[in-house]
Amino acid sequence: MEEGPALSDVSIKKPLLAALRGERQAVPPIWLMRQAGRYLPEYRALRAERGGFLALATDPEAAAEVTLQPIRRFGFDGAILFSDILMVPWALGQELSFGPGEGPRLSPPLVDGLWQQLQGAPEMLGPIYETVRRVAAALPPAVTLLGFAGSPWTVATYMVAGQGSKDQAEARALAYRDPVAFASLIEVIEVCTFEYLLEQIDAGAEAIQLFDSWAGSLSPAQFEQWVIAPTARLVQRLHAARPGTPVICFPKGAGAKLPAYARETGADAIGLDETVDPVWADAVLPPGMPVQGNLDPLALLAGGEALEQGIDRVLAAFPERPHVFNLGHGIGQFTPIEHVEALLARVGRSF
């Protein structure tokens, strides 16, 4: 595959893609994690019409519409595929459900790590790729299309426990008790995730984000083994297969382990959660590495002076580094539309 266009060409047409490739923008490009979702009335209306989350996410027409909704309303620089990080375990053979008022559930839980009992069906991911193709064809020329997946550790925590948990105790215990079984599970997740992301890129995704939502629960040694090492292998394979496609890595809760993560994973850009001091991150991350983040979603929910001060702190933290403005985690469902509009105006973006 050929390398992407020159940075100067991309910066004119796609500010977000240029920033992820290392070119600092005068006004930082912006998108928001979970920007397509429940805080938007148009999303709520479509979900009521089409049914539950899984039905919506596997309907290419509906999922493409949801992906495009925040672009039409706000004019963000990036559109992220409307989907979920648990599509990989679903394709590997676990049953996936989203009950009313509760988080996602996977069945059966792999408490012993023995994924071989599952009957995988990778063709189930076909509708996701069709969604990417539809969005790529419909986006304005300046908007970058982001694909995504969960990082192996975070996906494994759900597969082992069958659901989300506060401290990921089931997966951590399995990793200590039977590291061979756990390593086997991580490996099968890596392989499926690589193929999943490759198909997203080939369908039109121009950059990729890896979400490691539960990276913060591990000891330093486990973090190195189960977060950094699998992510590094995955990033290396993506770079080799599709050079020029930036990979954003988002290790939520990494804290002091963030510099090692940035150096060792080979990430093109690092996503910062809201607990990270952006001034510290600018000082300790590799020079020139693009960063993304990291406004507290609750500051956006609060609005007013708290929002303005939070935005200004993030903007001031990266005087020379390529920066993509984003939240430190997903936007909350009760966030007022006018607060998002105020955010865009403060960052210097029109909508």
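Reference entry: report on the structure contained in this document. (Residues numbered from 1 in each chain as written. Predicted model: local features only at pLDDT ≥ 70, side-chain atom pairs only at ≥ 80, totals over all residues. Heavy atoms only, no water.)

The next subject is the pattern of salt bridges. Any two side chains of opposite charge can pair, so long as their charged atoms come close to each other. Taken as a whole and assessed by the stated rule, the structure comprises 12 salt bridges. The salt bridge involving Glu-190 is made with Arg-233; its shortest N-O contact spans 2.5 Å. With Glu-190 in helix α10 (residues 179-203) and Arg-233 in helix α11 (residues 220-241), the pair connects residues that are 43 residues apart, well separated along the chain. The exposure class assigned to Glu-190 is buried, which follows from its relative accessible area of 8%. Close ionic contact of Arg-346 with Glu-308 constitutes a salt bridge, the shortest N to O distance being 3.9 Å. (Salt bridge = Lys/Arg side-chain N within 4 Å of Asp/Glu carboxyl O. Helix = DSSP H or I, 4+ residues; strand = E, 2+ residues; numbered from the N terminus. Buried < 20%, exposed > 50% of the residue type's maximum accessible area, 1.4 Å probe, protein only.)

Pairing is parallel in the open sheet, where seven strands are placed in the order β1-β4-β5-β6-β7-β8-β9. Looking at which strands have only one partner, the edges of the open sheet turn out to be β1 (78-80) and β9 (323-327). Averaged over all pairs of adjacent strands, the angle between their axes in this sheet comes to 25°, without regard to strand direction. Taken together, the two bridges between strand β6 (residues 247-251) and strand β7 (residues 269-271) define a ladder with parallel strand orientation. Note that in β7 the partner of Ile-248 across the bridge is Ala-269. Docked against the sheet, helix α15 (residues 304-316) engages β8 (291-295) and β9, running at close to 155° with respect to β8. (Pairing = 2+ DSSP bridges. Axes fitted to C-alpha atoms, helices over the stretch in contact; angles between N-to-C directions. Contact = heavy atoms within 4.5 Å.)

Here we come to α11. For α11, spanning 22 residues, the distance from its first C-alpha to its last is 30 Å, which sits close to the expected 32 Å at 1.5 Å a residue. A maximum bend of about 30° is found in α11 at Ile-228, where proline Pro-230 lies one to four positions downstream. Within α11 the residues assigned to the buried category are Gln-222, Phe-223, Trp-226, Val-227, Ile-228, Pro-230, Thr-231, Ala-232, Leu-234, Val-235 and Leu-238. Residues of α11 that are buried sit in contact with α8 (152-161), α9 (169-177), α10, β5 (207-212), β6 and α12 (258-265). (Expected span 1.5 Å × (residues − 1). Bend = angle between axes of the 7 residues up to and from the residue.)

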